[in-house]
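# Notes for the structure review
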Amino acid sequence: MTIPSQTAGPGTPKKVTVATLASFKARGRRAAFVTAYDYPTAVFADRAGVDMLLVGDSAAMTMLGYPNTLGVSMTEMLVFAGAVCRGAKRAFVVGDMPFLSYQPSDEDAVRNAGAFLIAGCDAVKCEGGARVASRVRAISDAGIAVMGHLGLTPQSQAQLGGYRVQGKTLAAVQRLTDDALALQEAGAFAVLLEAVPAEAAAYVRERVELLVYGIGAGPHVDGQLVISHDILGSFVGDIRPRFVRRYADLDLEVERAFHQYADDVRAGRFPAAEHLYPIEPVHEAEIRAARLPVIPSEARNELASLAHSLV
Ligand code: KIV
């Protein structure tokens, strides 16, 4: 499905850009933002009219089974990013810079951000505020759109004392605001606030010109991000963040399908007659002569009529 007001011509979705996102904000339209790590998810989310896709380093956990986000490499992230970008015709795609891809130097930051753009992304995201401002400035000066990420920043979760809600005191909210202003000054176009009280997000948003997106940051932001595995019920593990609403139970559905398939194979119910390629009846005699197995005539008749209906 394409969204009529977003189409450039019959069947051609118009790509969402930074300017589109700014116009959404000006019109009070909130952006729908989800994570995607593969081609089919990108296609389905794009067809559903999701505005923004984050190729998140959460792929480390959701796709690769690591215990946290630190283990995923640039090489792995670029495979995910390329697949998502091939699937997203309309949505704005943000590539998430993994741990140590931007922290060491401005040069590393620009080279790795550029690699996401070459893979097809529209922007990159990096975690941190004032302390990564020089990296954000370098990336932005290279002509690359940068989204900041403040609040609960998983790459520094050890420093933060774990996956904890941030911005709970006035001083902490002020620090968030100062960090957001540092990102703005450095040339970022947006900031993502993760796991902060709704009041903190509203406070920051009132004081910056950036587009402000939230994940677990309440409703007073310019768009909502969720991890697609959380809303689809396909995350393997016990993490169930409070801010997530579940829209499907894919874990149960996928397990049910595999279970049924395994049962059918073991019981000989799969493959059935309709799954077999028919032989031409004229070759049956030579096949019999060669003592190859010949399918019983009832199944053969069924196959012949099936083959006929496919011609
Ligand atoms: O990697 C990711 O999905 C993220 C979100 C948790 C904000 O950075």
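So, here is what we can say about the structure in this document. Keep in mind that this is a model prediction, so the values were computed, not measured. (Residues numbered from 1 in each chain as written. Predicted model: local features only at pLDDT ≥ 70, side-chain atom pairs only at ≥ 80, totals over all residues. Heavy atoms only, no water.)

## Side note on unusual backbone geometry
Worth spelling out the cut-off: A run of H or I in DSSP becomes a helix once it reaches four residues, and a run of E becomes a strand once it reaches two; helices and strands are each numbered from the N terminus. Here's how the labels work: a residue is buried when its accessible area is under 20% of the maximum for its type, exposed when over 50%, partly exposed in between, all with a 1.4 Å probe on protein chains only.
The linkage connecting F270 with the following residue, P271, adopts the cis geometry, with an omega of 0°. By the element assignment, P271 lies in the loop between α11 (250-267) and α12 (284-289). A positive phi is found at L100, a non-glycine position, where the angle reads about 70°. Residue L100 is classed as exposed on the basis of its relative accessible area, which comes to 52%. Its identity is not glycine, yet A195 carries a phi of approximately 50°, on the positive side. Checked against the element boundaries, A195 lands in the loop between β8 (190-194) and α9 (198-207). Taking relative accessible area as the criterion, A195 reaches 10% and is therefore assigned buried.

## Thoughts on the packing of aromatic side chains
Quick note on the threshold: To pair, rings of Phe, Tyr and Trp, with the six-membered ring standing in for Trp, must have centres within 6.5 Å; the planes then decide the type, stacked if under 30 degrees apart, edge-to-face if over 60, and tilted in the middle. Think of it as a cone above the ring: NZ of Lys or CZ of Arg counts as a charge over the ring if it is within 6 Å of the ring centre and within 35 degrees of the ring normal.
By the definition in use, this model includes four aromatic pairs. Arranged with centres 6.4 Å apart and planes meeting at 70°, the rings of Y37 and F80 form a pair that is edge-to-face. Of the two residues, Y37 sits in the loop between β3 (31-35) and α2 (39-47) while F80 sits in helix α4 (residues 74-87), which places them 43 residues apart along the sequence. Neither Y37 nor F80 differs from the other in exposure class; each is buried. Look at F92 and F189: their rings are 5.8 Å apart centre to centre, the planes differ by 65°, and that puts the pair in the edge-to-face class. One end of the pair, F92, is in strand β5 (residues 92-96); the other, F189, is in the loop between α8 (170-185) and β8, and 97 residues separate them in sequence. Judged by its relative accessible area of 12%, F189 is buried. One Lys or Arg, R29, reaches over the ring of F24 and ends 4.2 Å from the middle of that ring. The ring of Y203 carries R207 above its face, with NZ or CZ at 3.5 Å from the centroid.

Structural measurements only, silent on function.
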